[in-house]
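What follows is the residue order along each chain.
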Amino acid sequence: MFLGRPLVLRAIERSSAALVTALIAFLLPATIVAAPQMEVRRVLVFNDLGSISSPGFTAIDQAIFVALQKSPYRIEFYNENLETTLFSDKDSQRKFREWYVRKYRDRKPDVIFAVGQDALKFMVESHATAFPNVPIIFCGSTEEMVAEMKPDSNFTGVWAVAQPEGTLRAALQLQPDTKHVVVVGGVGAFDRYMEGIVKKSLRDYESKLEFRYLTDLDLPTLLERLKHLPSHTIVLHTSIMEDATGAHFIDASQSAPLVASASNAPVFVLDDVDLGNGTVGGLLLSWAATGQVAAGMALRVLNGEKPDNIPIVKSTNSYMFDWRALRRWGFKEGDLPLGSALLYRQPGVWELYKRYIIGGSFLILVEALLIVGLLRQRTTRRKVEAELAISYERLQMAVEAGRFVGWDLDVKSGQNRWFGDLEGMFGIPSESYSAQIGEFGRRVHPEDRDRVLRAIADARRSKQPYNAEFRFQGKHGTVTWIIARGRFYDANSRGPERMLGLAVDVTERKMAEEALSRLSGRLIDAQEEERKRIAREIHDDYSQRLAMLALDLEGIEEEIGDTAAGAGQRLRKVWNVIGELGADLHSLSHRLHSSTLESLGLVPGVKVFVEEFAVQQQIQVVFSHENVPPGVPEAVALCLFRVVQEGLRNVKRHSGAERAEVRLECSEEKLHLSVVDRGRGFDVNSRSPRTGIGIRSMQERLRSLGGQFEITSRPTEGTRIDAWVPLRTASRSAA
């Protein structure tokens, strides 16, 4: 196909024309939206065919429309179609043209596009009387088509150029053993015109190759012959818009795909809209590029340039090929002409899955490193792993034996129908059970009942899914932990009518979680006891022995005096070193176990630690507290003290800050601790070495006491650590 014509069944010609007109009116609105202060310019486009009928004209119209949006003016865009295929008789065309002349008599365009041979002929014949002095930009037609026309100085544009010889050269480059060339085409006026161009362009090859023209057949007969072509043959498709029976076709979307699928030889074409449906390609005319060039001329005219100062140009064709067709016929990319564009290339395995392969390899490497690290710790963790294995086995059994029930609640009547493993979960000996929602709600544990009812009410009001975890009391006093999820469904605008949901028995999971929590608490307690023992050992034994040694050295120094040259000075130096070592051991003992915290409580203990840390690490630390009760439970005090220790260590190691703030406060029976710095910060969502054992230890300590832990940080904006512990819950957890 070169320009493209429609497949029109005579019975629906008029309805098709109406549909084309409606689509054009919808797709191409009257005004390109622009700023109100811009000057208005009217642009009128005349097409031979509608956008549905001609893919080539569609590409031109789209290119013009897009390019005009770059104009400094507010463009009023008008698009009209002559429909020369649907209404080819002279009387219809005369009425069309008379109507368009009357239509734009009082709405003079600033520039007109003539897209196609008949549109250009219309403008040449009527320009002087209907559109005097209006610049005309033409495209979509060849110079040979309108050779007898003589446009005046108001005309300029782009001539379309077909280059069959370039396409044949590319075909012979891909298939050097070619002996036969089959040219296929139709019997329409444009089909015959294209056949003439091909014969004229390829005349020099007739002595080297056997040419056969299949241009006078009906389409079914043509397709059957294409199935039985001899070897060493190529097919050159020109245009089939009408076959020998008078049937009409859209060449790009109907004729060319049928020819390519039926032919047992590669099919080459002349323009870009015929590429992509099984054809190989060639030296192709690009209709979109033609529209862009024509639009550029129009912009120059709108900016005040005269059409006779803008020379008429010819389209620049380019080599374009379908990668899929090359593979189908076994052609090599290396045999393509230089500068060829290869379209529809399918990516390879690496291109498709590159990120997955890299990500998978990275994960394998990370897993290998983790395995090595875990193996190194295996000896010291065997006892813990044994206890965790028991807990995991319980959890596994709970998952495998998981039970669930579903429910269907009629909101209007309050009737709730339950179904599933009712006997296993609730002790109801039935596979289905119906009751009022209030009756079933009374079986929810009293401490959880209000929370469950609020969750249901919130889900109904917000139209969001309902989620709740609660305890259910059986007939014999047994308590079952349940996770329930559901959703309200609206049948009309009056609100929800039904609620569907699912309840799962998670009692075994809760038992496993409690076991893990107890184990974690035991590990933390064991760690604290070991810290306390080591601290006492250092303080009561090693520090005292070093002190005695320092006193002995001081006595020896006094006895020696200045009798031995330099001996006294060396002894004093040794005495100073031992004194510093004793101070370091004292500091280490205090970090391992704070006697101040144990004897005086949370606030004095934190205050002493903060002051010692500031002196030792040369960092300014500001400590403040408010409403902290004196009798904070020992477990809570120790937990928050460890959070302060770890938080300030992270400030020193990672933040680069010279100042930090520590604050303790109590409100509504809840202790709140914050550690803040203004250092370099980090991305809390990324994997970071900062999320190490220390932070996990803080999280676990707080979780075991029913508390919360939160880190807020951004690069260059510092870091904030917050910890909350409810005193009552913490007291029960500690007990």
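In every chain, residue numbers begin from 1 and rise along the written sequence. Where local features are concerned, this predicted model is filtered to residues with pLDDT of at least 70; where side-chain atom pairs are given and counted, the filter is 80 or more; whole-chain, interface and lining totals use all residues. Computation of side-chain values: all heavy atoms of the structure, hydrogens and water removed.

Draft legend 1. Quick look at the overall build of the protein chain. The numbering of helices and of strands both runs from the N terminus, where a helix is a DSSP run of H or I of at least 4 residues and a strand a run of E of at least 2. A count of helices and strands for the protein chain gives 22 helices and 24 strands. Working definition: with a 1.4 Å probe on protein chains only, accessible area under 20% of the residue-type maximum means buried, over 50% means exposed, and in between means partly exposed. Across the 735 residues of the protein chain, 45% fall into the buried class. Any pair of residues with heavy atoms lying within 4.5 Å of one another is described as a contacting pair. A fraction of 67% describes how many contacts in the protein chain between residues 6 or more apart in sequence connect residues 24 or more apart. Each accessible area is a Shrake-Rupley estimate made with a 1.4 Å probe; only the visible protein chains count as cover when residues are assessed. Surface summary for the protein chain: the accessible area is close to 40300 Å², and the carbon and sulfur share equals 53%.

Draft legend 2. The confidence of the model for the protein chain, seen in detail. Averaged over all residues, the pLDDT of the protein chain equals 79, while 74% of them reach at least 70. Each residue carries a pLDDT score, the predictor's own confidence in it, on a scale running from 0 to 100. Confidence drops under pLDDT 50 across residues 1-35; counting only partners more than four residues distant or on other chains, this segment forms 87 contacts.

Draft legend 3. Geometry of the nonpolar core. We define a nonpolar core as any set of buried Ala, Val, Leu, Ile, Met, Phe, Trp, Tyr and Cys residues linked to one another through side-chain atoms lying within 4.5 Å. Judged by nonpolar contacts, the single largest core of 37 residues is most densely connected at Val606, Leu640, Leu648, Val662 and Leu671. Not counting chain neighbours up to four residues away, the residues in contact with leucine 640 comprise Leu602, Leu664, Leu671, Leu673, Leu702, Ala723 and Val725.

Draft legend 4. Here's a closer look at the pattern of salt bridges. Salt bridges are defined by distance alone: a side-chain nitrogen of Lys or Arg within 4 Å of a carboxyl oxygen of Asp or Glu. If you walk through the whole model with that rule in mind, you get 26 salt bridges. One salt bridge in this structure joins glutamate 661 and arginine 659, with 2.7 Å as the shortest N-O distance. Each of Asp91, Arg94, Lys95 and Glu98 takes part in one network of salt bridges that share partners.

Draft legend 5. Up close: the side chain of aspartate 48. Note that aspartate 48 resides in the loop between strand S1 (40-47) and helix H2 (55-68). Polar contacts here mean pairs of N or O atoms no more than 3.5 Å apart (in protein, one a potential hydrogen donor and the other a potential acceptor; neighbouring residues in sequence count only if both atoms are side-chain atoms). A distance of 3.0 Å separates a polar atom in the side chain of aspartate 48 from the backbone nitrogen of aspartate 118. Those residues in contact with aspartate 48 that sit more than four places away from it in its chain are Phe57, Leu82, Glu83, Thr84, Val115, Gly116, Gln117, Asp118 and Ala119.

Draft legend 6. The arrangement of the sheet that holds strand S20 (residues 620-626) in detail. Strand order in the open sheet formed by five strands is S20-S21-S22-S24-S23, and the pairing between neighbours is mixed. Across the chains shown, the open sheet's two edge strands, defined by having one partner strand only, are S20 and strand S23 (708-713). Each strand axis lies, on average, 10° off the axis of its neighbour in the sheet, ignoring direction. A pair of strands is treated as paired once DSSP finds two or more bridges between them. Inspection of the sheet shows S20 paired to strand S21 (residues 659-667) by seven bridges, in the parallel sense. The partner of valine 621 across the bridge, within S21, is alanine 660. Axis angles are defined between N-to-C directions and span 0 to 180 degrees, where every axis is a line fitted to C-alpha atoms and, for a helix, only to the segment in contact.

Draft legend 7. Structural view of the sheet that holds strand S2 (residues 74-81). Within the open sheet, the six strands sit side by side as S2-S1-S3-S4-S5-S11. Their pairing is parallel. Among the strands making up the open sheet, the edge pair consists of S2 and strand S11 (313-314). Bridging between strand S3 (residues 111-115) and strand S4 (residues 136-141) involves four bridges; their strand directions are parallel. When the bridges of S4 are listed, alanine 114 appears paired with phenylalanine 138.

Draft legend 8. Structural view of the pairing of S1. Where burial is concerned, most of S1 is hidden: six out of the eight residues are buried. By the bridge criterion, eight bridges tie S1 to S2 in an arrangement that is parallel. Each bridged residue has a counterpart across the sheet, and for valine 43 the counterpart in S2 is phenylalanine 77. Bridge count for S1 against S3 is five bridges, and the pairing is parallel. Bridging across to S3, valine 43 finds its partner in valine 111.

Draft legend 9. Layout of the packing of aromatic side chains. Pairs were defined over the aromatic rings of Phe, Tyr and Trp, the Trp ring being its six-membered one, requiring ring centres within 6.5 Å. Orientation was assigned from the angle between planes: stacked under 30 degrees, edge-to-face over 60, tilted for the rest. Within the structure shown, the criterion is met by twelve aromatic pairs. Pairing phenylalanine 87 with phenylalanine 96 gives two aromatic rings, centres 5.4 Å apart and planes at 85°, and the pair type is edge-to-face. Classification of phenylalanine 87 as partly exposed rests on a relative accessible area of 21%. Grouped by ring-pair contacts, the aromatic residues Phe46, Phe87, Phe96, Tyr100, Phe122 and Phe131 constitute a single cluster. Throughout this description, the term charge over a ring refers to an Arg CZ or Lys NZ atom that lies within 6 Å of the ring centre and within 35 degrees of the ring normal. Arginine 41 extends its terminal NZ or CZ atom over the ring of tyrosine 73, reaching a point 4.3 Å from the ring centre. We note lysine 199 situated over the ring of tyrosine 213; from NZ or CZ to the ring centre the distance is 4.9 Å.

Draft legend 10. Focus on the environment of phenylalanine 211. Mapped onto the elements of the fold, phenylalanine 211 is located in strand S7 (residues 210-214). The exposure class of phenylalanine 211 is buried, given its relative accessible area of 17%. With 24 residues separating them in the primary sequence, phenylalanine 211 and valine 235 have C-alpha atoms 10.0 Å apart. With near-sequence residues (within four places) excluded, phenylalanine 211 lies in contact with Leu168, Val181, Val183, Leu202, Tyr205 and Glu206.

Draft legend 11. Seen up close, the packing of helix H7 (residues 219-226) against helix H8 (residues 251-262). Running from amino to carboxyl end, H7 crosses H8 at an angle of 30°, the nearest separation of the two axes being 8 Å. In this view, H7 runs roughly parallel relative to H8, as classed from their interaxial angle. With respect to the hand of their crossing, H7 and H8 are arranged in right-handed fashion. Facing Leu219, Leu223 and Leu226 of H7, the residues of H8 in contact are Leu258, Val259 and Ala262. Basically, the charged four are Asp, Glu, Lys and Arg, the nonpolar ten are Ala, Val, Leu, Ile, Met, Phe, Trp, Tyr, Cys and Pro, and anything else, Gly included, counts as polar. Along the lines of polarity and charge, the residues of the contact of H7 with H8 split into six nonpolar, no polar and no charged. Orientation is classified from the angle alone, with under 35 degrees giving roughly parallel, over 145 giving roughly antiparallel, 65 to 115 giving roughly perpendicular, and any other angle giving oblique. If you view the pair so one helix is near and one far, a crossing is left-handed when the near helix is turned anticlockwise from the far one by less than a right angle, and right-handed when it is turned clockwise.

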